[in-house]
Amino acid sequence: MRVKYVLSEVLVGLWRNVTMTIAMIITMAVSLTMLGVSGLVYNKVADMKNLYFENVEVSIFLEPEVAEEQRTALDGQLRSDPLIREVIYVDKTEAYERFKDMYQDAPDLVSAVKPEQLPESFRLRLVDPEQYRQINEQYQSVDGVDQIVDQSRVLDKIFNLFTAGQNVALVAAIAMAIAALLLVANTIQVAAYSKRREVAVMKLVGASNWFIQAPFVLEAVVAGLVGSILGLGALVGLKVFLFDGALSTLQGLFSPVSWGEIFLTFPIMAGVGALVSAVTAWVTLRFYLRV
């Protein structure tokens, strides 16, 4: 009987303040969507770092007139370096073949360059790609070395942009979460005020705090759960129309978002939405009703 009464009061409360309930659900949905997006962005940036860093190379270009002894000594030093996982020597002929493959759409540029104009180089794969600075410091002054080029420097700039976008999404999620908390608290206060006489009567007849608070807390929880469902719908829409649609041509550059990741995000969104709503409602009632 008590459970039936609590559930009926929840439905009545949601319908009594329907406009505020809708506003609370929408705000919660936007907040949880931003939370889900920021979580996906965080995971994708981490995945992309691992993907790119696994294939990153450090290129040591040799001077045009490098001596055979210098090249041999550098080769031995590189192959014995514990920071380096793999060493590939690229002579002028192979460098020219790579140059032709890279610029095959620009035949005039390819015809203007001769194999002897391209430098010899060593292509290095590091055990830890983030240690490229140590490689640069260690070999920059070695005899025969002309220039050291590391792809990680370019990737650092790219990932700085991704991290900035990640932080923006997280800040937006926090801002929307604060707005949702305030709206939940305000809605619960209005609902409690509209039922203040009933609450007073229940307190006089000895109703427990849980029995009085339960309908209000469940109203907030229902709003949080409905908001999380709408948030899931928004994430599905983003995947279909953005990640698999407008950004589908960039799948080779960006780590794709799978359906599994989308649906694994939902329990987190639902849990956060329900828990935050319940705690906010309970704290609000403690201060407002003094029960």
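Residues numbered from 1 in each chain as written. Predicted model: local features only at pLDDT ≥ 70, side-chain atom pairs only at ≥ 80, totals over all residues. Heavy atoms only, no water.

Overview of the environment of Ile178
- Structurally, Ile178 can be placed in helix H7 (residues 151-194).
- Taking the C-alpha atoms as reference, Ile178 lies 9.8 Å from Met28; in sequence the two are 150 residues apart. (Helix = DSSP H or I, 4+ residues; strand = E, 2+ residues; numbered from the N terminus.)

Structural notes on the environment of Gly76
- With respect to the helices and strands, the residue Gly76 is situated in helix H3 (residues 68-79).
- The class of Gly76 is partly exposed, set by a relative accessible area of 38%.
- On a C-alpha basis, the gap between Gly76 and Val87 in space is 9.9 Å, while along the polypeptide they are 11 residues apart. (Buried < 20%, exposed > 50% of the residue type's maximum accessible area, 1.4 Å probe, protein only.)

Structural notes on helix H6 (residues 132-139)
- Among the residues making up H6, those that are buried are Tyr132, Ile135, Asn136 and Tyr139. For H6, the buried positions fall inside an angular range of 100 degrees around the axis, keeping them on one side. In H6, the exposed positions angled more than 90 degrees off the buried face are occupied by Arg133 and Glu137. (Arc of directions from axis to C-beta.)

Here's the deal with the UniProt feature "transmembrane region" (unreviewed entry) in the protein chain
- Listed under "transmembrane region" (unreviewed entry) in the UniProt record, and renumbered for this structure, are residues 21-42, 168-193, 214-242 and 262-285.
- Strand forms 0% of residues 21-42 and helix 100%; the C-alpha atoms that close the span are 31 Å apart.
- Annotation note: span residues 214-242, helix share 100%, strand share 0%, distance between end C-alpha atoms 41 Å. (UniProt positions renumbered as here; feature names shortened; annotations may be inferred.)

Comments concerning the sheet that holds strand S4 (residues 145-150)
- With antiparallel pairing, 4 strands are arranged side by side in an open sheet as S2-S3-S1-S4. At either end of the open sheet lies a strand with only one pairing partner, and these are strand S2 (84-90) and S4. Sheet twist, expressed as the mean angle between neighbouring strand axes with direction ignored, is 20 degrees.
- Bridging between S2 and strand S3 (residues 121-126) involves 6 bridges; their strand directions are antiparallel. Its bridge partner lying in S3, Ile88 is registered against Arg123.
- Against the sheet, H6 makes contact with strand S1 (58-62), S2, S3 and S4, and its axis sits at roughly 175 degrees relative to S4, the strand it touches most. (Pairing = 2+ DSSP bridges. Axes fitted to C-alpha atoms, helices over the stretch in contact; angles between N-to-C directions. Contact = heavy atoms within 4.5 Å.)

Re the side chain of Ser31
- Among the secondary structure elements, Ser31 is positioned in helix H2 (residues 18-55).
- Owing to a relative accessible area of 5%, Ser31 belongs among the buried residues under this scheme.
- Setting aside residues no more than four positions away along its own chain, Ser31 makes contact with Ala173, Met176 and Ala177.

Examining the layout of surface pockets
- Considering only enclosed or pocket space, the second largest pocket measures out at about 320 Å³ in volume.
- In this structure, the second largest pocket is lined by 14 residues; those nearest its centre are Phe61, Ala95, Arg98, Met102 and Arg123.
- Contributions of two or more residues to the lining of the second largest pocket are made by S1, helix H4 (92-102) and S3.
- Of the residues forming the lining of the second largest pocket, the biggest block, 4 residues, is contributed by H4.
- Residue classes in the lining of the second largest pocket are distributed as 8 nonpolar, 3 polar and 3 charged. (1 Å grid on protein atoms, 1.4 Å probe; cavity = no way out; pocket = protein on both sides within 12 Å on 5 of 7 lines; lining within 4 Å. Points joined across faces, edges and corners; volume = space filled by probe spheres on them. Nonpolar A, V, L, I, M, F, W, Y, C, P; charged D, E, K, R; others polar.)

Some remarks on H3
- For H3, spanning 12 residues, the distance from its first C-alpha to its last is 17 Å, which sits close to the expected 16 Å at 1.5 Å a residue.
- Residues of H3 that are buried: Arg71, Leu74 and Leu78. Along the axis of H3, the buried positions cluster into a sector of 65 degrees, meaning they face one direction only.
- Looking at the packing, one finds that the buried side of H3 touches S1, S2, S3, H6 and S4. (Expected span 1.5 Å × (residues − 1).)

So, the pattern of salt bridges
- The full count for this structure, using the stated rule, is 5 salt bridges.
- Of the charged contacts in the structure, one is a salt bridge between Glu97 and Lys100, with a shortest N-O distance of 3.5 Å. Here Lys100 and Glu97 lie together in helix H4, a separation of 3 residues that amounts to about one turn.
- Salt bridges sharing common partners tie together Glu68, Arg71 and Glu120. (Salt bridge = Lys/Arg side-chain N within 4 Å of Asp/Glu carboxyl O.)

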